[in-house]
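Each chain, written out:
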Amino acid sequence: MIPKGTKGSNPNRPVIKTRAHYNQQIRFLQDVVGAARAVHAQHAKRERVRFRQHAERHQGHSGGQAGFFSELADFIRREGAVRHLARGERLSAQGFRIHRCGLVVRGAFRYVHAAAAGEGHVVGYAFAGEFVGDYISMCNGTPSQVMIEAMCDAETLLVPGERLEAFYRTDAARERLGRTFAQHMLAEVYERLLDRCAASPQQRYEALLERCPDLLQLVPLRELASYLGVRPETLSRIRRRIL
């Protein structure tokens, strides 16, 4: 016979009898979530350190992505065509194949994905000294999933995908360089996914500042807050804490 007041209940489900018991269960769940976030954060940190050590060991370090891949950056500086873009001008459009990639000489770019409803979501940035372009679209011949737009007056050096492939085929060392660069692109995406789960908005903001100390002179506060997944007021508090 089922006791009164428990008809239809699952006998295996724990019963929360008191508010103290309820609070204990909530604290337990918070501890579990906190532990999971800590594990993700530690893993993301190990991946960042591992890849940076690998890049420095093979290419040397002189700042930014170009420092990790100095030989590739030197090739782009030699062979790249200069292109100047005004603020708001598009380097490439979503839905079309990208045929060129390059190096940001001056200024900055935002990567924007337009959802089916027409809303644009900023999914990444490229600053001076970093590579710019949709590498996957260029290499695989597939439509790009992002639009790349100049955030200010900017200058780039661009090389066609075919010329880059010819550079990689020159010798075995450059073939390895091409593979390492592709791995780097994958590692960046993987790190970004981990950071979304594990890193706090402040940690992600500080990582952007490391890449671009003049960040807020280029990116509007509201856009940056949206990219970090916080309200503008929260980002303002974060900025005050680290000043």
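Residues numbered from 1 in each chain as written. Predicted model: local features only at pLDDT ≥ 70, side-chain atom pairs only at ≥ 80, totals over all residues. Heavy atoms only, no water.

Description of the overall build of the protein
Applied cut-off: Helix and strand assignments come from DSSP, with helices taken as H or I runs of at least 4 residues and strands as E runs of at least 2, each series counted from the N terminus. Each residue is placed in one exposure class: buried if its accessible area under a 1.4 Å probe, protein chains only, is under 20% of its type's maximum, exposed if it is over 50%, and partly exposed if it falls in between. Working rule for contacts: check all heavy atoms of both residues, and any pair within 4.5 Å makes them a contact. Accessible surface is estimated by sampling points in the Shrake-Rupley manner with a 1.4 Å probe; for residues, cover comes only from the protein chains shown.
Of regular secondary structure, the protein possesses 10 helices and 8 strands. Looking at the protein residue by residue over its 243 residues, the buried ones come to 35%. Taking all contacts inside the protein whose residues are at least 6 apart in sequence as the whole, residues at least 24 apart take part in 69%. Total accessible area on the protein is roughly 15100 Å²; 53% of this is exposed by carbon and sulfur atoms.

Here we look at the packing of aromatic side chains
The condition is simple: Between the rings of Phe, Tyr and Trp (Trp by its six-membered ring), a pair exists once the centres lie within 6.5 Å; its type follows the angle of the planes, with under 30 degrees stacked, over 60 edge-to-face, and the other angles tilted. Cation placement over rings: the criterion is NZ of Lys or CZ of Arg within 6 Å of the ring centroid and within 35° of the ring normal.
Tallied over the entire structure, the rule returns 7 aromatic pairs. Here phenylalanine 69 and phenylalanine 181 contribute two aromatic rings whose centre-to-centre distance is 5.3 Å and whose plane-to-plane angle is 90°, an arrangement assigned as edge-to-face. Linking phenylalanine 69 in the loop between helix H2 (64-68) and helix H3 (70-79) with phenylalanine 181 in helix H6 (residues 172-198), this pair joins segments that are 112 residues apart in sequence. Plain terms: the ring middles of phenylalanine 131 and phenylalanine 181 are 5.0 Å apart, the flat faces sit at 75° to each other, and that makes the pair edge-to-face. Note that phenylalanine 131 is positioned in strand E6 (residues 131-132) and phenylalanine 181 in helix H6, a separation of 50 residues in sequence. Here phenylalanine 131 falls in the buried class, since its relative accessible area comes to 9%. Residue placement shows arginine 196 over the ring face of tyrosine 227; its charged tip is 5.5 Å from the ring centre. Its guanidinium or amino end placed over the ring of tyrosine 227, arginine 204 lies 5.9 Å from that ring's centre, counting from NZ or CZ.

Focus: the side chain of serine 92
Here serine 92 shows up in strand E2 (residues 90-92). For serine 92, the contacting residues outside a window of four places in its chain are Ile98, Met147 and Ile148.

Here's the deal with the sheet that holds strand E5 (residues 120-127)
Either a parallel or an antiparallel arrangement is found when strands of a sheet pair, and the pairing is made through backbone hydrogen bonds. Note the threshold: When DSSP locates at least two bridges between a pair of strands, those strands are taken to pair. Convention adopted: a line fitted to C-alpha atoms gives each axis, helices being fitted over their contacting stretch, and angles between N-to-C directions are expressed from 0 to 180 degrees.
The strand order across the open sheet formed by 4 strands is E2-E7-E4-E5, and the pairing between neighbours is antiparallel. Among the strands making up the open sheet, the edge pair consists of E2 and E5. Taken over all neighbouring pairs, the strand axes of this sheet differ in orientation by 30° on average, direction set aside. Both strand E4 (residues 108-114) and E5 contribute to a ladder of 7 bridges, which runs antiparallel. When the bridges of E5 are listed, phenylalanine 109 appears paired with alanine 126.

What to know about a positive patch on the surface
Note the cut-off: Excluding any residue in a salt bridge, patches collect residues exceeding 30% relative accessible area, merging like charges within 9 Å and nonpolar Val, Leu, Ile, Met, Phe, Trp and Tyr side chains within 5 Å. What makes a salt bridge here is a side-chain nitrogen of Lys or Arg within 4 Å of a carboxyl oxygen of Asp or Glu, nothing more. Counting rule applied: Lys, Arg positive; Asp, Glu negative; His and chain ends not counted. Charge positions come from single atoms, namely NZ of Lys, CZ of Arg, CG of Asp or CD of Glu.
On the surface, Arg237, Arg239, Arg240 and Arg241 cluster together to form a positively charged patch. The topology assignment puts arginine 237 in helix H10 (residues 232-242). We classify arginine 237 as partly exposed; its relative accessible area is 42%.

Observations concerning the environment of glycine 161
By the element assignment, glycine 161 lies in helix H5 (residues 161-168). Taking the C-alpha atoms as reference, glycine 161 lies 6.3 Å from methionine 138; in sequence the two are 23 residues apart. Sequence-distant contacts of glycine 161, that is, excluding residues within four places in its chain, are made with His99, Arg100 and Met138.

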